[in-house]
Amino acid sequence: MEFTTILAEVDNRLGTITVNRPEARNALSKTVLREIRAALEDFAARDDVGAVVFTGAGEKAFIAGADITQLVNYTLTDGLASEMARLYDYIEDYDKPTIAAVNGFALGGGNELAMSCDIRIAAESARFGLPETNLGVLPGAGGTQRLTRLVGKGRAVELILTGRIFGAGEAKDMGLVTDVVPDAGLLDAARALAEQIMGKGPLAVRLAKLVIKTGAETDQRTGLVIERLAQSLLYTTADKREGARAFIEKRPAEFQGQ
């Protein structure tokens, strides 16, 4: 597929989506959002894609938020359509593992995209923030909800109300990202992480994502029931049998996703 605002590539089972508007700090226009969705739908249908990494072109920004030249004209109808929020819900529910490799500024909608991914790693130069209150709006693409669940209510309130920008080290300390790496090694680190995950049983990874997300939004007893049912389902799979045999035979498992 050909795109005008993103790059979508597959290499050794890893799909990479790069927002490619460095002249605009990779701001999220409506075209960018629609092209990301199309690339993800293509990757979802491909057996040769096992995980997806998001990053931004250039050295200045991962994604520096929404395209303000479009935001200035948004109306009630745009808010109800929630194109950005719906895309991030899709990313959060995506069957394959997703990793945000954050380089440079991840502000507003860029930060919200990163938070919708399963895992976030940051370059040392990365900067995060949800500065929407400076524009008279709020982080309306999942920011108020996902940030609270990731870093806690008190910290989320402070960050959203002040709109301040903070560095990668603070992001790691609060649990927003899991690792901080040198700028030059960011994509290599993302690939290494993806390869580690892709070496596991794909059905187990998919169900683990589902159980963790669902369990986090319900009470523990219900979460434990969901966990037990998912485990029971995995016990019936060829992947479970292959994984157990490979362990006993001291060899790498050859999972088939069945």
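All residue numbers here refer to positions counted from 1 along the written sequence of the relevant chain. The predicted nature of this model means local features are confined to residues of pLDDT at least 70 and side-chain atom pairs, given and counted, to a pLDDT of 80 or more, with totals for whole chains, interfaces and linings taken over all residues. With hydrogens and water stripped out, all remaining heavy atoms of the structure feed into the side-chain values.

S.K.: Help me understand the overall build of the chain, please; the structure alone is not making it clear to me.
M.R.: The secondary structure content of the chain amounts to twelve helices and ten strands. When the backbone C-alpha atoms are referred to their principal axes, the chain occupies close to 60 × 40 × 35 Å. The contacts in the chain between residues at least 6 apart in sequence include a share of 69% that link residues at least 24 apart. Surface accessibility follows the Shrake-Rupley procedure with a 1.4 Å probe radius. Residue values consider only the protein chains on display as shielding. Summed over all atoms, the accessible surface of the chain reaches about 13,600 Å², with 54% contributed by carbon and sulfur. Here the positive residues are Lys and Arg and the negative ones are Asp and Glu; neither His nor the chain ends is included. Where a charge lies is defined by one atom per residue type: Lys uses NZ, Arg uses CZ, Asp uses CG and Glu uses CD. Averaged over its 30 positive side-chain charges, the chain has a centre that lies 5 Å from the centre of its 35 negative ones. Helical segments are the DSSP runs of H or I of at least four residues, strand segments are the runs of E of at least two, and each set is numbered from the N terminus. The contact criterion used throughout is that any non-hydrogen atoms of two residues lie within 4.5 Å.

S.K.: Any chance you could explain the nonpolar core here in plain terms?
M.R.: Within soluble globular proteins, side chains that are nonpolar tend to cluster in buried spots. Residue types Ala, Val, Leu, Ile, Met, Phe, Trp, Tyr and Cys, when buried and joined through side-chain atoms within 4.5 Å, form a set referred to as a nonpolar core. Remark: exposure states derive from per-residue accessible area (1.4 Å probe, protein chains only) relative to the maximum for the residue type, with buried under 20%, exposed over 50%, and partly exposed in between. Formed by 45 residues in total, the largest nonpolar core has its most connected members in I36, F54, F128 and L176. The element best represented in this core is helix α1 (residues 30–44), accounting for six residues. Filtering out sequence-adjacent residues up to four positions away, I36 remains in contact with I6, I17, V19, L28, F54, L87 and L113. Counting residues in each nonpolar core, the second largest holds twelve residues, with L14, A51, I99 and V181 among its members.

S.K.: Please explain α1 as it appears in this structure.
M.R.: Given 3.6 residues per turn, any residue in an α-helix points the same way as the ones three and four places further on. Between its first and last C-alpha, α1 extends 21 Å over 15 residues, near the 21 Å set by a 1.5 Å rise per residue. What α1 keeps buried is the set V32, L33, E35, I36, A39, L40 and F43. Projection of α1 onto a plane perpendicular to its axis shows the buried side chains occupying an angular sector of 165°, all on one side. On its buried face, α1 is in contact with β1 (6–11), β2 (14–19), β3 (51–56), α4 (83–92) and α5 (109–116). For a helix, the expected span equals 1.5 Å multiplied by the residue count minus one. What the arc measures is the spread of directions leading from the helix axis to the C-beta atoms.

S.K.: Sorry if this is basic, but what is going on with the sheet that holds strand β4 (residues 61–63) here?
M.R.: In this description, strands pair whenever DSSP reports at least two bridges between them. A sheet is described by the order of its strands in space; here four strands give the open sequence β4-β6-β8-β9, paired in mixed fashion. Each end of this open sheet is capped by a strand with a single partner; those strands are β4 and β9 (166–167). The sheet contact formed by β4 and strand β6 (residues 105–107) spans two bridges and is parallel. The partner of A61 across the bridge, within β6, is F105.

S.K.: Please clarify how the pattern of salt bridges should be interpreted in this entry.
M.R.: Between side chains of opposite charge, a pair can form as their charged atoms come close. Salt bridges are identified by distance alone: a Lys or Arg side-chain nitrogen within 4 Å of an Asp or Glu carboxyl oxygen. By the definition in use, this model includes 19 salt bridges. The residue R146 makes a salt bridge to E92 at a minimum N-O spacing of 3.0 Å. With R146 in helix α6 (residues 143–151) and E92 in helix α4, the pair connects residues that are 54 residues apart, well separated along the chain. Under the relative-accessibility criterion, R146 is labelled buried at 8%. Accessibility expressed as a relative area gives 24% for E92, which makes it partly exposed. R251 serves as the salt-bridge partner of E242, at 2.7 Å between the closest nitrogen and oxygen. Residue classification places E242 among the buried residues on the basis of a relative accessible area of 14%. We classify R251 as partly exposed; its relative accessible area is 31%. Look at the salt bridges and you will find they share partners, linking R155, E158, R164 and E170 into a network.

S.K.: Any chance you could explain the packing of aromatic side chains here in plain terms?
M.R.: Two numbers describe a pair of aromatic rings. These are the distance of the centres and the angle of the planes. The criterion for an aromatic pair is that two Phe, Tyr or Trp rings (for Trp, the six-membered ring) have centres within 6.5 Å, with stacked assigned to planes under 30 degrees apart, edge-to-face to planes over 60 apart and tilted to the rest. Inspection of the entire model under this criterion finds two aromatic pairs. Each ring, one from Y90 and one from Y94, has its centre 5.6 Å from the other, and the planes form 70°; the classification is edge-to-face. Residue classification places Y90 among the partly exposed residues on the basis of a relative accessible area of 22%. The aromatic ring of Y90 is capped on one face by R37, whose charged end is 4.0 Å from the ring centroid. Any Lys NZ or Arg CZ that is within 6 Å of a ring centre and within 35 degrees of that ring's normal is treated as a charge sitting over the ring.

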